[in-house]
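Here is how the chains run, residue by residue.
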Amino acid sequence: MTAAPVTSTDITLILTGDTLSANLSAETHWAGIQKFVSMSSNDGAIAIFDAQRNYDIAEDGKSTSCKIEGAGFYRAWSSDFDYDIHLSNVIEIQ
């Protein structure tokens, strides 16, 4: 058996005008921004296509961003090369 990945809430998602952005750790392998209809369910949740990222190497300066796509709850996420998962704060757009 292997240990479950570590999950932490340490990404900061920022809204500037109509653009969401998040800085990511140097160890990020995969990342993106998600939109939820409700934070109590995954029903209707989507991954924002323009924010999806894949990195081949560890390096500083990684980020992801996208335009908002209507009302909902937005959250950034990333997964490191060692499979640890990082989540951001949630921003509600009405």
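Here, every reference points to the structure presented above.
Residues numbered from 1 in each chain as written. Predicted model: local features only at pLDDT ≥ 70, side-chain atom pairs only at ≥ 80, totals over all residues. Heavy atoms only, no water.

What should I look at first to understand the environment of S8 in this one?
By secondary structure assignment, the location of S8 is in strand β1 (residues 7-11). For S8, a relative accessible area of 23% puts it in the partly exposed group. In sequence terms S8 and A47 are 39 residues apart; their C-alpha atoms lie 19 Å from each other. When residues no more than four places from it in sequence are discounted, the contact partners of S8 are I85, H86 and L87. Within the structure, S8 has its side chain in polar contact with the side chain of H86 (distance 3.1 Å). (Helix = DSSP H or I, 4+ residues; strand = E, 2+ residues; numbered from the N terminus. Buried < 20%, exposed > 50% of the residue type's maximum accessible area, 1.4 Å probe, protein only. Contact = heavy atoms within 4.5 Å. Polar contact = N/O pair within 3.5 Å; in protein donor to acceptor, adjacent residues only side chain to side chain.)

How do you make sense of the environment of D80 when you look at a structure like this?
Locating D80 in the fold gives a position in strand β8 (residues 72-80). Remark: the alpha-carbon pair of D80 and W30, spanning 50 residues in sequence, is separated by 6.8 Å. Excluding residues within four positions of it along the chain, D80 makes contact with S25, E27, T28, H29 and H86. Looking at D80, its side chain comes within polar contact range of the side chain of S25, at 3.5 Å.

Would you explain the pairing of strand β2 (residues 13-16) in this entry?
Looking down a regular strand, the side chains alternate between one sheet face and the other. Sheet analysis places β2 next to strand β3 (residues 19-23), joined by four bridges and oriented antiparallel. Residue pairing for β3: T16 is matched across the bridge by T19. Where β2 hands over to β3, the hairpin turn is made up of two residues, of which G17 adopts a positive phi near 65°. (Pairing = 2+ DSSP bridges.)

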